[in-house]
Amino acid sequence: MNSVVRDRRRGRGRVPAAVLLAVGAVLTSTAAAGAADLGMITYTTPHGKSATLNQPEPGRCYTIAGAGTASNLSLVGKTAHFYAHPGCKGAPVAHLGRGERKNLRFASLRVDAD
């Protein structure tokens, strides 16, 4: 039988559930947008500090110096090529595939183009 009087206990769980659904929808759309992320390259600067190159654009040369551990944390399977000279000039001194890590000395890097 339908009653005009509302049971307060029954309505309490509805607002938090609606909020959780809304937050879940936002997080899901954020994760979907992040699926296109290219990942990052982590490296050690010549001064011994840790640094990160986030979202490296494929095909672009980055003139950054490194001396120490470098890692390719690519999410899309791109290879990073490291060069001894600025401007990605000459032959690469090292190549790091997705998930690889090495001790390197470099002056620039480029990630595979699409």
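Look above for the structure.
These numbers come from a predicted model, not from an experiment. Here the residue numbering is sequential within each chain, running from 1 through the sequence in written order. Thresholds applied to this predicted model are a pLDDT of at least 70 for local features of residues and 80 or more for the giving and counting of side-chain atom pairs; totals over whole chains, interfaces and linings are not thresholded and use all residues. To get the side-chain values, all heavy atoms of the structure are used, and hydrogens and water are removed first.

Description of the sheet that holds strand β4 (residues 66-74)
Part 1 of the argument: A sheet is described by the order of its strands in space; here four strands give the open sequence β2-β1-β4-β7, paired in antiparallel fashion. The open sheet has two edge strands with one neighbour each: β2 (50-54) and β7 (101-106). The sheet shows a mean angle of 30° between the axes of neighbouring strands, taken without regard to direction.
Part 2 of the argument: Where β4 and β7 come together, six bridges link them in antiparallel fashion. Directly across from Gly68, in β7, lies its bridge partner Leu104. At least two DSSP bridges between two strands are required for those strands to pair. Labels follow the DSSP assignment, with helices taken as runs of H or I lasting at least four residues and strands as runs of E lasting at least two, numbered in each case from the N terminus. Angles here are taken between N-to-C directions and fall from 0 to 180 degrees, while the axes themselves are lines fitted to C-alpha atoms, restricted in helices to the stretch in contact.

Re the pairing of strand β1 (residues 39-44)
Part 1 of the argument: Across five bridges, β1 lies against β4 in antiparallel orientation. Counted as the bridge partner of Thr42 is Ser71 from β4.
Part 2 of the argument: Hairpin connection between β1 and β2: a loop of five residues separates the two successive antiparallel strands, and Gly48 in this loop has a positive phi of roughly 85°.

Observations regarding the environment of Ser71
Part 1 of the argument: Within the secondary structure, Ser71 sits in strand β4.
Part 2 of the argument: Along the sequence, Ser71 and Gly97 sit 26 residues apart, while their C-alpha atoms lie 8.9 Å from each other.
Part 3 of the argument: Whether two residues touch is decided by their heavy atoms; if any such pair falls within 4.5 Å, the residues are in contact. Ignoring any residue separated from it by four or fewer positions in sequence, one finds Ser71 in contact with Met40, Ile41, Thr42, Leu96, Glu100 and Arg101.

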